[in-house]
Amino acid sequence: MTTPPPAAFTAAHPFDAAHPHAIAVYCSDGRFTQSVEELLAHLGHARLDTVTTPGGPAVLNHMSAAYADADVNTRAATFLIRAHHITEAVLLAHEGCGYYRAKRPSDSPEMILARQLDDLRHAAKALRRATPALNVHLYYARVAAGVVCFDPVALEKPRT
Ligand SMILES: [Zn+2]
């Protein structure tokens, strides 16, 4: 075994050449990152492919993002799913998302929540259209008593 050349930093975590079987699509907002990773580990996904962009699943829906952006992000996620034979996808939105506040400054928190839930479902449909065998799980993250709580979101909008 040859000794690797000296590096400025060497990670302790061993490299695993096998691709994970799951992908997570969520917002870049670093206030939620560790909690999201904790949820995903709890769901059995210690390793993941990720698509993290401001707004998370919002950028897979042309109703919330520009057409070109929605196209690029949907194709990016679809590439990973196909190339890495991914079978599970977890899509997450979060409370107080700056992407929505910037895009919809006059919307109430209730209107933004409704938009986020629509975007989650739209993103799920877009990914399943491209890869029909994909299992998709949706979550909404909110802050309560200083911790992040996750509520599952139904794939279909409940009839009221
Ligand atoms: Zn966000």
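Residues numbered from 1 in each chain as written. Predicted model: local features only at pLDDT ≥ 70, side-chain atom pairs only at ≥ 80, totals over all residues. Heavy atoms only, no water.

*Asks:* How should the coordination of the zinc ion be read in this particular structure?
*Replies:* Ideal geometry at a metal centre: 109.5 degrees between donors when four sit tetrahedrally, and 90 or 180 degrees when six sit octahedrally. Taken together, the protein ligands of the zinc ion are Cys 27 (SG), His 94 (NE2) and Cys 97 (SG), with distances of 2.0 to 2.3 Å. The sequence pattern describing where the donors of the zinc ion fall on their chain is C-x66-H-x2-C. Residue His 94 shares its accessibility class with Cys 97, and that shared class is buried. (Donors = N, O, S within 2.8 Å, 3.2 Å for Na, K, Ca; no water. Buried < 20%, exposed > 50% of the residue type's maximum accessible area, 1.4 Å probe, protein only.)

*Asks:* So what exactly am I meant to see when it comes to unusual backbone geometry here?
*Replies:* Of all residues except glycine, most have a negative phi; of all peptide bonds, most are trans. The phi angle at His 85 is positive, at roughly 55 degrees, despite the residue not being glycine. According to the relative accessible area criterion, His 85 is exposed, its value standing at 62%. Phi is positive for Ala 145, which is not a glycine, with a value near 55 degrees. Since its relative accessible area comes to 86%, Ala 145 is described here as exposed.

*Asks:* For this particular structure, what's the right way to read the side chain of Ser 35?
*Replies:* By secondary structure assignment, the location of Ser 35 is in helix H1 (residues 30-42). The exposure class of Ser 35 is buried, given its relative accessible area of 19%. Apart from residues no more than four positions distant in its own chain, Ser 35 is found in contact with Val 148 and Phe 150. (Helix = DSSP H or I, 4+ residues; strand = E, 2+ residues; numbered from the N terminus. Contact = heavy atoms within 4.5 Å.)

*Asks:* What should I look at first to understand empty space enclosed by the protein in this one?
*Replies:* Going through the model one piece at a time under the given rule, you end up with one cavity of 30 Å³ or more. Counted as a void, the largest cavity has a volume near 60 Å³. Together, Tyr 26, Cys 27, Asp 29, Phe 32, Val 36, Leu 92, Ala 93, His 94, Ala 141 and Phe 150 line the largest cavity. Those elements that place two or more of their residues in the lining of the largest cavity are strand S1 (22-27), H1 and strand S3 (88-94). Among the elements that take part in the lining of the largest cavity, S3 stands out by supplying three residues, more than any other. Here the lining of the largest cavity is composed, by residue class, of eight nonpolar, one polar and one charged. (1 Å grid on protein atoms, 1.4 Å probe; cavity = no way out; pocket = protein on both sides within 12 Å on 5 of 7 lines; lining within 4 Å. Points joined across faces, edges and corners; volume = space filled by probe spheres on them. Nonpolar A, V, L, I, M, F, W, Y, C, P; charged D, E, K, R; others polar.)

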